[in-house]
Amino acid sequence: MTITITAFERSPDGGKGLARDTRVRWALEEVGQPYEVRLVSFRAMKEPAHRALHPFGQIPTYEEGDLALFETGAIVFHVAERHAGLLPDDANARARAITWMFAALNTVEPPILEFATAKLLEGDKTWSEERLPLLVDRVRDRLSQLSARFSDADWLDGKFSAGDLMMVSVLLRLKLSGILNEFPNLAAYVARGEARPAYKRAFAAQLTVNTGKPPTG
Ligand code: GTB
């Protein structure tokens, strides 16, 4: 059955891979599932046809036959459940991998998003200069906790899983800020994720959409 996802017609990041279709593309690449992409403009995202798929008028969405999904956590989980490669067979290891998916989305991503939003959209506000250091400290706190737990392992719980896919996707948002480099084991972890052939294919696909050219080098 054909899988179709939606993505920005033109991502605000110009193809740095930060829009969330990248994590869905990455999951599909990891499990070897081909997919099609329907590009949507900001205007089209708010129209009834798209809202029927995504009540909040956002990307990405996922369609497969009669099934329509939104929310990257749910989409990646669905892909991981249906196809081998992203969740371990052992029931306890599987439950732990799912726990890391939730931790990435519910515990690590919120302070990162708050910081990214403040920097991008609120930088001109009078209170921004005072608030930003506070938000950076919240991100640092979370990263230091993750870094301590993670130690020098390659992946969060043994083999690469959907938990790592989600955690790396969330941490990637910090790459340009320099904060990640304060935690060498996390920076190396993200680099390991980016080095996976499936990630590279996902990144290249979204870059081509946004620049018309595949990556060089
Ligand atoms: N919780 C949802 C999920 O995980 O699927 C969040 C989905 C979401 O935030 N979608 C964003 C969107 O559609 C795109 S990814 N925004 C348009 C809108 O709400 O009107 C978030 C995103 C957008 C742009 C960048 N960037 O340019 O750096 C990074 C991340």
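Just so we're clear, the structure is a prediction, and the values are computed from it rather than from any experiment.

Chemist: Tell me about unusual backbone geometry, and please be specific about residues and values.
Modeler: Cis rather than trans, the peptide bond between I59 and P60 has omega equal to 0°. Backbone geometry places S151, a non-glycine residue, at a positive phi of 55°. Mapped onto the elements of the fold, S151 is located in the loop between α6 (128-150) and α7 (162-172). A residue is classified by how much of its surface remains accessible, and S151, at 42% relative accessible area, is partly exposed.

Chemist: A description of the pairing of strand β4 (residues 67-70) should follow, citing residues and the corresponding values.
Modeler: Looking along a regular strand, one sees the side chains alternate between the two faces of the sheet. Pairing analysis gives four bridges linking strand β3 (residues 61-64) to β4, with the strands arranged antiparallel. Along β4, the bridge assignment pairs Y62 with L69. Counting the residues between successive antiparallel strands, the hairpin from β3 to β4 contains two residues, one of them, G65, with a positive phi of roughly 60°.

Chemist: Could you give me a rundown of the sheet that holds strand β2 (residues 36-40), with the residues and numbers involved?
Modeler: A sheet is described by the order of its strands in space; here four strands give the open sequence β2-β1-β3-β4, paired in mixed fashion. Looking at which strands have only one partner, the edges of the open sheet turn out to be β2 and β4. Across the sheet, the mean angle from the axis of one strand to that of its neighbour is 20°, orientation sign disregarded. In the packing of helix α4 (residues 72-82) onto the sheet, contacts are made with β3 and β4, and the angle to β4 comes to roughly 130°.

Chemist: Please provide a residue-by-residue account of the site of the ligand, values included.
Modeler: The environment of the ligand is made up of 14 residues, and the closest members are R20, K46, I59, E71 and T72. With respect to the ligand, the side chain of R20 contributes an N or O atom lying 2.8 Å from an oxygen atom. The contact in question runs from an oxygen atom of the ligand to an N or O atom on the side chain of T72, over 2.6 Å. For the ligand, the accessible surface in isolation is 680 Å², of which the surrounding protein chains cover 81%. Of the residues belonging to the shell around the ligand, the class tally is seven nonpolar, two polar and five charged.

What counts, and where the lines are drawn
- Here the residue index of a chain counts from 1 through its sequence in written order.
- Local features in this predicted model are restricted to residues whose pLDDT is 70 or higher, and side-chain atom pairs enter the listing and the counts only when it is 80 or higher, whereas totals over whole chains, interfaces and linings include all residues.
- Remark: hydrogens and water are excluded; side-chain values derive from all non-hydrogen atoms of the structure.
- Every helix listed is a DSSP run of H or I at least four residues long, and every strand listed is a run of E at least two residues long, numbered separately from the N terminus.
- Exposure categories follow from relative accessible area, calculated using a 1.4 Å probe and restricted to protein chains: below 20% of the type maximum is buried, above 50% is exposed, and the middle band is partly exposed.
- For two strands to be treated as a pair, DSSP must find no fewer than two bridges joining them.
- Every axis in this analysis is a line fitted to C-alpha atoms, fitted for helices over the stretch in contact. Angles between the N-to-C directions lie between 0 and 180 degrees.
- For this analysis, residues touch if any pair of their heavy atoms sits within 4.5 Å.
- Nearness of a residue to a molecule or strand requires only that one of the residue's heavy atoms be within 4 Å of it.
- We call two N or O atoms a polar contact when they sit within 3.5 Å, provided that within protein one can donate a hydrogen and the other can accept it, with sequence-adjacent residues counted only if both atoms are side-chain atoms.
- Computed with a 1.4 Å probe, the accessible areas rest on the Shrake-Rupley method; for each residue, only the protein chains presented here act as cover.
- By the convention adopted, Pro, Cys, Tyr, Trp, Phe, Met, Ile, Leu, Val and Ala count as nonpolar, Lys, Arg, Asp and Glu as charged, and the other residues, Gly among them, as polar.

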